[in-house]
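Chain residues, written in single-letter form:
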Amino acid sequence: MEVIVEVEQLKKSFGKHTAVKGVSFNIAAGEVFGLLGPNGAGKTTIVRMLTTLLPPDSGRATVCGYDVRRQAARVRQCIGYVPQALSVDGALTGYENMMIFAKLLGLKGKERNKRINDLLQFMQLEDAASRQVCTYSGGMVRRLEIAQAVLHYPRVLFLDEPTVGLDPVARKGVWEILAELRQIYRMAILLTTHYMEEADTVCNRIGILNHGEMVVKGTPAELKAMTGNPGASMDDVFTYFTGNYLDAGGDFRGIRQVRHISRRLG
Amino acid sequence: MESDRFATSAVALVKPAIKTAGIKILIIDILTIVEMELRKLRHEPTVLFTRAVQPVLWLLIFGQAFSRVRAFDTGGVTYQTYMTPGILSQSVMFTAIFFGLSTIWERDMGILQKFLAMPIPRVALVLGKALAAGVRALCQVTIIFLLAAITGIPLHWHPALLLAAAGVVILGAVFFATLSMIIAAIVKTRERFMGIGQLITMPLFFASNALYPISIMPDWLRVVASVNPLSYMVDFLRGALVSGQLTSWQADVGILLVACILATAVGTYLYPRVVT
Ligand SMILES: Nc1ncnc2c1ncn2[C@@H]1O[C@H](COP(=O)(O)OP(=O)(O)O)[C@@H](O)[C@H]1O
Ligand SMILES: [Mg+2]
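Residues numbered from 1 in each chain as written. Chains lettered and ligands numbered in written order. Predicted model: local features only at pLDDT ≥ 70, side-chain atom pairs only at ≥ 80, totals over all residues. Heavy atoms only, no water.

As annotated in an unreviewed UniProt entry, chain B carries the name Transport permease protein and is attributed to Desulfofundulus australicus DSM 11792.

Under an unreviewed UniProt entry, the name given to chain A is ABC-2 type transport system ATP-binding protein, and the organism recorded is Desulfofundulus australicus DSM 11792.

J.: When you look at the overall build of chain B in this model, what are you seeing that I'm missing?
T.: Scanning chain B from N- to C-terminus turns up 12 helices and zero strands. For chain B, the α and β elements follow one another from N to C terminus as α-α-α-α-α-α-α-α-α-α-α-α. Taken along its principal axes, the extent of the C-alpha atoms in chain B is 80 × 35 × 35 Å. Summarising the internal contacts of chain B: among those between residues at least 6 apart in sequence, 77% fall at separations of at least 24. Of the roughly 12500 Å² of accessible surface on chain B, 70% is carried by carbon and sulfur atoms. Of the charged side chains in chain B, 21 are positive and 13 negative, and the gap between their average positions amounts to 2 Å. (Helix = DSSP H or I, 4+ residues; strand = E, 2+ residues; numbered from the N terminus. Contact = heavy atoms within 4.5 Å. Areas by Shrake-Rupley, 256 points an atom, 1.4 Å probe, with all protein chains shown as cover. Lys, Arg positive; Asp, Glu negative; His and termini not counted. Charge placed at Lys NZ, Arg CZ, Asp CG, Glu CD.)

J.: Looking at this model, I keep getting lost on the coordination of the magnesium ion (ligand 2). Mind explaining?
T.: Six octahedral donors around a metal ideally subtend angles of 90 or 180 degrees, whereas four tetrahedral donors ideally subtend 109.5 degrees. Residue and element names in this part refer to chain A. Summarising the metal site, the magnesium ion (ligand 2) is bound by the protein donors Thr44 (OG1) and Gln84 (OE1), whose distances to it range over 1.9 to 2.3 Å. One end of the pair, Thr44, is in helix α1 (residues 43-50); the other, Gln84, is in the loop between β6 (79-82) and α3 (94-104), with 40 residues separating them in the sequence. Classification of Gln84 by relative accessible area gives buried; the value is 8%. (Donors = N, O, S within 2.8 Å, 3.2 Å for Na, K, Ca; no water. Buried < 20%, exposed > 50% of the residue type's maximum accessible area, 1.4 Å probe, protein only.)

J.: What's the story with the environment of Ile79 of chain A in this structure? I'm lost.
T.: All names here are of chain A. With respect to the secondary-structure elements, Ile79 resides in strand β6. Exposure remark for Ile79: the relative accessible area of 3% places this residue in the buried category. Along the backbone, Ile79 and Met196 are 117 residues apart, and their C-alpha atoms lie at a distance of 26 Å.

J.: Can you help me understand the interface of chain B and chain A in this one?
T.: Contacts between the two partners involve 40 residues from chain B, matched on the other side by 51 residues from chain A. In total, about 4200 Å² of surface goes out of reach between chain B and chain A, with carbon and sulfur atoms giving 63% of it. Of the charged contacts in the structure, one is a salt bridge between Arg42 of chain B and Glu96 of chain A, with a shortest N-O distance of 2.9 Å. Counting the contacts that link chain B with chain A gives nine residue pairs in polar contact (both at pLDDT 80 or more). When contributions to the side of chain B that touches chain A are tallied by element, the ones reaching two or more residues are α1 (5-8), α2 (23-42), α5 (100-109) and α6 (111-116) of chain B. (Buried area = accessible area lost by both parts, 1.4 Å probe. Salt bridge = Lys/Arg side-chain N within 4 Å of Asp/Glu carboxyl O. Polar contact = N/O pair within 3.5 Å; in protein donor to acceptor, adjacent residues only side chain to side chain.)

J.: Teacher, can you tell me more about the UniProt feature "domain: ABC transporter" (unreviewed entry) in chain A here?
T.: UniProt records the feature "domain: ABC transporter" (unreviewed entry) for residues 5-236 of chain A in the present numbering. Note that residues 5-236 of chain A is 37% helix and 27% strand, and that its end C-alpha atoms are spaced 29 Å apart. (UniProt positions renumbered as here; feature names shortened; annotations may be inferred.)

J.: Help me out: how do you make sense of the UniProt feature "transmembrane region" (unreviewed entry) in chain B in this one?
T.: Under the feature "transmembrane region" (unreviewed entry), the UniProt entry names residues 48-67, 87-105, 126-150, 162-186, 193-214 and 253-271 of chain B. When the span residues 162-186 of chain B is considered, its composition is 100% helix and 0% strand, and the gap between its end C-alpha atoms is 36 Å.

J.: Would you take a moment to explain the confidence of the model for chain A for this structure?
T.: The predicted coordinates ought not to be read in detail in places where the model reports low pLDDT. Looking at chain A as a whole, its pLDDT mean stands at 89, while 91% of the residues score no less than 70. Every residue in residues 259-266 of chain A scores below 50 in pLDDT, and together they form 11 contacts with partners more than four places removed in sequence or on other chains. (pLDDT = per-residue confidence, 0-100.)

J.: Can you walk me through the sheet that holds strand β5 (residues 66-67) of chain A in this structure?
T.: Hydrogen bonds between backbone groups are what pair the strands of a sheet, and the pairing can be parallel or antiparallel. Residues and elements named next belong to chain A. Spatial strand order, β2-β1-β4-β5: four strands in an open sheet with antiparallel pairing. Strand pairing shows two members of the sheet lacking a second neighbour, β2 (17-28) and β5, which therefore form its edges. Relative to β2, strand β1 (residues 3-14) runs antiparallel, the two sharing nine bridges. In the strand pairing of β2, Lys11 is matched with Lys21. Where α1 meets the sheet, it contacts β1, β2 and β4 (58-63), and its direction lies at approximately 120° from that of β1. (Pairing = 2+ DSSP bridges. Axes fitted to C-alpha atoms, helices over the stretch in contact; angles between N-to-C directions.)

J.: Teacher, can you tell me more about the pairing of β4 of chain A here?
T.: Side-chain direction in a regular strand flips from residue to residue, so the side chains alternate between the two faces of the sheet. Residue and element names in this part refer to chain A. As judged from the five bridges shared by β1 and β4, these two strands associate in the antiparallel manner. Pairing of Val5 across the sheet is with Val63, part of β4. Taken together, the two bridges between β4 and β5 define a ladder with antiparallel strand orientation. Counterpart to Val63 in the pairing with β5 is Tyr66. Counting the residues between successive antiparallel strands, the hairpin from β4 to β5 contains two residues, one of them, Cys64, with a positive phi of roughly 55°.

J.: Explain the environment of Leu171 of chain B to me, please; I cannot follow it from the model alone.
T.: Residues and elements named next belong to chain B. Tracing the sequence through the fold places Leu171 in helix α8 (residues 159-187). Sequence-wise, Leu171 and Ile27 are 144 residues apart; in three dimensions their C-alpha atoms are separated by 17 Å. Not counting the four nearest positions on each side in its chain, Leu171 is found in contact with Val253, Leu256, Leu257 and Cys260.

J.: Which parts of the structure should I look at to understand the packing of aromatic side chains?
T.: Where two aromatic rings form a pair, the distance of their centres and the angle of their planes describe that pair. Counted by the stated rule, this structure contains 16 aromatic pairs over all chains. Both rings, one in Tyr240 of chain A and one in Phe241 of chain A, keep their centres 5.0 Å apart while their planes meet at 90°; by these two values the pair is edge-to-face. (Phe/Tyr/Trp six-rings, centres within 6.5 Å; stacked < 30°, edge-to-face > 60°.)

J.: Any chance you could explain the domain arrangement of chain A here in plain terms?
T.: Where the parts come together, the accessible area they lose is often given as the size of the interface. Residues and elements named next belong to chain A. Along its sequence, chain A is carved into domain 1 (3-78 + 154-265) and domain 2 (88-152). The C-alpha centroid of domain 2 is placed 25 Å from the C-alpha centroid of domain 1. At the interface, 15 residues of domain 1 touch 10 residues of domain 2. Both sides together, the interface formed by domain 1 and domain 2 hides about 1100 Å², and carbon and sulfur atoms give 78% of it. The interface formed by domain 1 and domain 2 holds zero salt bridges in total. Linking domain 1 to domain 2 there are two residue pairs in polar contact (both at pLDDT 80 or more). When contributions to the side of domain 1 that touches domain 2 are tallied by element, the ones reaching two or more residues are β7 (156-160) and α6 (168-185). A total of five residues in the side of domain 1 that touches domain 2 trace back to one element, the largest contributor, which is α6. The residue inventory of the side of domain 1 that touches domain 2, partitioned by class, reads 11 nonpolar, one polar and three charged. (Domains from an automatic or database assignment. Nonpolar A, V, L, I, M, F, W, Y, C, P; charged D, E, K, R; others polar.)

Shown next as structure tokens:
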């Protein structure tokens, strides 16, 4: 098993508040690892540390063998990242968004055009490619963002709440795309979600995060078995391990962020 | 979605692309960022015109009224002509100093996070954005310049001087846009950014030689005006567009260049912090 992401005792505080309290996990090539937890659990903070946007306070994290703190430039070469918030430029067309990214990723000439066109086709965006992105639906925007993030075929793809604010059909579309990326490229994928069903469907392994702590890790089947009830749903699993389903509702900041995004995508 | 769609295409066999580093790549990155900003502008060209209206009103109303006052020596031209380079520079500064707002907006959207997680040197991000602001400023200034010429303000049309003036407009815009990104990286929120922006623009404008010569200022203001990069942009433009004589161009360009380099260095250091 080829380990692509290694995280050991990662910690991060904002002032007095400790958002991530010593989290550890690994992700192998071809594996979809899900960070599951309510708003405010620390999922985005972990992703931002692994994508070199935020320096960890302590602990160690390597991506493709490179340290996220000391070899940040190397890490950026081998990752793709789709942030939680909407991250494409509405003023540009879908094609322009892809073109600018491809150039910045160092792709050239025929190769660049081929990858752009293939990915637009794969994401079923070729007909919309010459339209400004502000006319796209939420699902189309997400597909474009994923297309941008995999232009250089990264070893790891980070997706922060990739389906938040999407309707069920668009959500399924994203799931299928992730499954294909994983199978065909053996890409390692880290996704965060607060939807139990999503974690169950898409992820090979799940880490449940609550108040900055990794409560438990395992395959969906393992986690369900641990509750002692083989017919358990992921909702039951979550309640079993955190004990405070209602309480784990996140804070104002988290809620505001999620609402904000849903509205933009709506 | 049929699941073999990707497998059948030849791309599936391509290895991950690894971007190389080097000065050529740096320049390509900078130009790509500029390209992106200009493409956005192409979809919204009216902004340039609306932004050009206010400065022209300044020239027509304020300039005409004060042309009758004759409070100081304008070097043999009307006050309206004298102030034109000042108004051009002011419009560059006013636009560029609020450029950082787009940084905060991009941070809120998630666009900035995505760029910062890509293999792009930070300096390319900062310089690319600033240069794009420079090109924007140049378009805007050209419109004002033409409108001023149409209304009969006598300006020099020497090609070499116009070209040099364009270069200085870009330098000035790069400085103020980078300063603006630095402010954005420090204050981080829209509200605070707007507050600071509004706080500093008027003092920067009035503590310069845009509307009156430095020689008539009290000593303390003279000191402020002589460290204000705006003064050097105005001085150069006044030489190039009004008198047709560049007397202290080395100092003007030199100081603007140094200001740009310093601001870029600080901006490159602070820019990634806007997302933390
Ligand atoms: N830049 C920041 N400054 C202060 N607090 C922050 C910042 N980013 C996140 N937090 C706090 O850290 C905690 C975890 O946030 P986050 O990682 O965004 O959670 P999630 O993505 O799981 O919803 C929350 O309590 C949030 O308020
Ligand atoms: Mg989050």
